[in-house]
Amino acid sequence: MTMHTTDTIKVRLNRRENATDDVAVLELAAADGAALPAFEAGAHIDLMLAPGLIRQYSLSNAPGEAVYRLGILNDPNSRGGSVHVHANLEEGCEIEISAPRNHFPLSPDAAHSLLIGGGIGITPMIAMAYALRASGASFELHYCSRSESKAAFLAELAREFGDRLVLHFDDAGDAQRLDPVALCKGSVAGSHLYVCGPGGFMDWVIGSGREAGLPEPQIHFEYFSAEVDTAGEAFEVVAAQSGVTVQVGGGQTIAQALKAAGVKVELSCEQGVCGSCICDVLEGVPDHRDHFLSEEEKDDNDQMAPCCSRAKTERLVLDI
Ligand code: FES
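Keep in mind the model is a prediction, meaning the values are calculated, not measured. (Residues numbered from 1 in each chain as written. Predicted model: local features only at pLDDT ≥ 70, side-chain atom pairs only at ≥ 80, totals over all residues. Heavy atoms only, no water.)

## Notes on the domain arrangement of the chain
How big an interface is tends to be expressed through the accessible area that disappears when the partners come together. As far as domains go, the chain holds domain 1 (8-98), domain 2 (112-221) and domain 3 (235-318). Each of domain 1 and domain 3 has a C-alpha centre, and these two points are 29 Å apart. Across the contact, six residues belong to domain 1 and four residues belong to domain 3. Across the interface of domain 1 and domain 3, roughly 390 Å² is buried in total on both sides, 29% from carbon and sulfur atoms. Three residues, I54, Q56 and R79, lead the burial of domain 1 against domain 3; their summed loss comes to 82% of the area buried on that side. Run the count over domain 1 and domain 3 and you get one residue pair in polar contact (both at pLDDT 80 or more). Counting only elements with at least two residues in the side of domain 1 that touches domain 3, the list comes to strand 3 (44-50) and strand 4 (53-58). Looking at which element gives the most residues to the side of domain 1 that touches domain 3, the answer is strand 4, with three residues. (Domains from an automatic or database assignment. Contact = heavy atoms within 4.5 Å. Buried area = accessible area lost by both parts, 1.4 Å probe. Polar contact = N/O pair within 3.5 Å; in protein donor to acceptor, adjacent residues only side chain to side chain. Helix = DSSP H or I, 4+ residues; strand = E, 2+ residues; numbered from the N terminus.)

## Remarks on the nonpolar core
Counting 28 residues, the largest nonpolar core has L115, I122, M125, L141, Y143, L157 and F161 as the members making the most contacts within it. Sorting the residues of this core by element identifies strand 2 (23-30), helix 2 (122-134), strand 8 (139-145), helix 3 (154-161), strand 9 (165-169) and strand 10 (191-196) as the ones contributing at least two each. In terms of residue count, the dominant contributor to this core is helix 2 (eight residues). Residue-level mapping places this core at the junction of two domains, with at least three residues from each of domain 1 (8-98) and domain 2 (112-221). If near-sequence neighbours (up to four positions away) are discounted, F161 is found in contact with I126, A129, Y130, R133, F139 and L141. Within the second largest apolar cluster, 26 residues are counted, among which are A239, V246, L293 and C308. (Core = buried A, V, L, I, M, F, W, Y, C linked by side-chain atoms within 4.5 Å. Buried < 20%, exposed > 50% of the residue type's maximum accessible area, 1.4 Å probe, protein only.)

## Structural notes on the side chain of S208
Checked against the element boundaries, S208 lands in helix 5 (residues 199-211). For S208, a relative accessible area of 4% gives the class buried. Setting aside its immediate chain neighbours within four residues, S208 contacts P180 and V181.

In structure tokens, the structure reads:
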């Protein structure tokens with residue numbers, strides 16, 4: 001079961017660079033000058049932006065560095081986190097963050113790693129590329145972007161990764177378009193696929209990996225935002241630890257129903273992507289709506305995301 005820590009770290013924004021017209025690169029260091037906790041490639045941190053406004057961003061620098069570096073897209077269609085960052089976080093300001101958590105780790109036994117970042121989804125891939133290079137592992141880094149001018153980190157990636165970097169721009173013709181089925185089919189046996197980016201892009205790449213015959217344990221992904229459908233029939237939820245039983249209405253989430261009854265659920269993204277709320281299922285069958293658990297974990301039906309998932313049975317008993 002995923003643990004969520006409520007301990008926070010105060011950091012100072014040491015450097016902010018507007019890398020493109022809509023991507024800000026932020027470099028964070030501990031406000032008290034102490035060392036920040038170490039992180040692995042694929043890890044993210046929560047930024048506590050304002051009361052009730054907690055957002056996850058991937059760490060994009062090389063593991064082992066003393067700072068945390070983020071790349072944040074100003075997305076006016078998101079739920080306010082990125083707009084808040086772009087409007088309010090200036091060099092020298094201090095904010096609270098969580099310690100790094102990694103739900104998107106590299107597999108130690110990949111024969112070769114296909115890293116595919118779409119747009120701002122390049123950020124965890126950069127940390128992965130640094131980690132794989134440091135360990136002498138075989139990899140290639142594919143960066144898909146609408147255009148060259150929209151692609152942050154380009155100069156660094158070209159300098160650091162040379163011909164392991166493959167660029168795919170929507171406006172640069174068919175010859176350089178990403179063909180993920182061909183890429184996966186053409187890769188050596190034992191290759192692992194890693195993808196991060198907008199939801200539709202990820203669905204396409206993940207589906208391509210499956211179509212190419214990659215086994216499920218060799219397909220890794222992290223959604224950073226997602227449309228979740230929380231609609232459905234009413235059902236009953238028992239919070240076993242708290243001894244509370246609630247009815248979850250058609251337009252309500254389990255977390256909302258529990259909160260209304262005074263049961264605290266650790267929430268962060270409320271979109272089924274971050275894993276903060278994952279809890280154990282003691283009885284009943286969940287109707288998984290999240291993008292966090294793997295297909296195998298969903299099939300086990302022994303844990304679920306109460307921020308968005310519902311029930312296939314009339315009653316669920318959760319270890320909350
Ligand atoms: S709060 Fe993020 S997965 Fe539920």
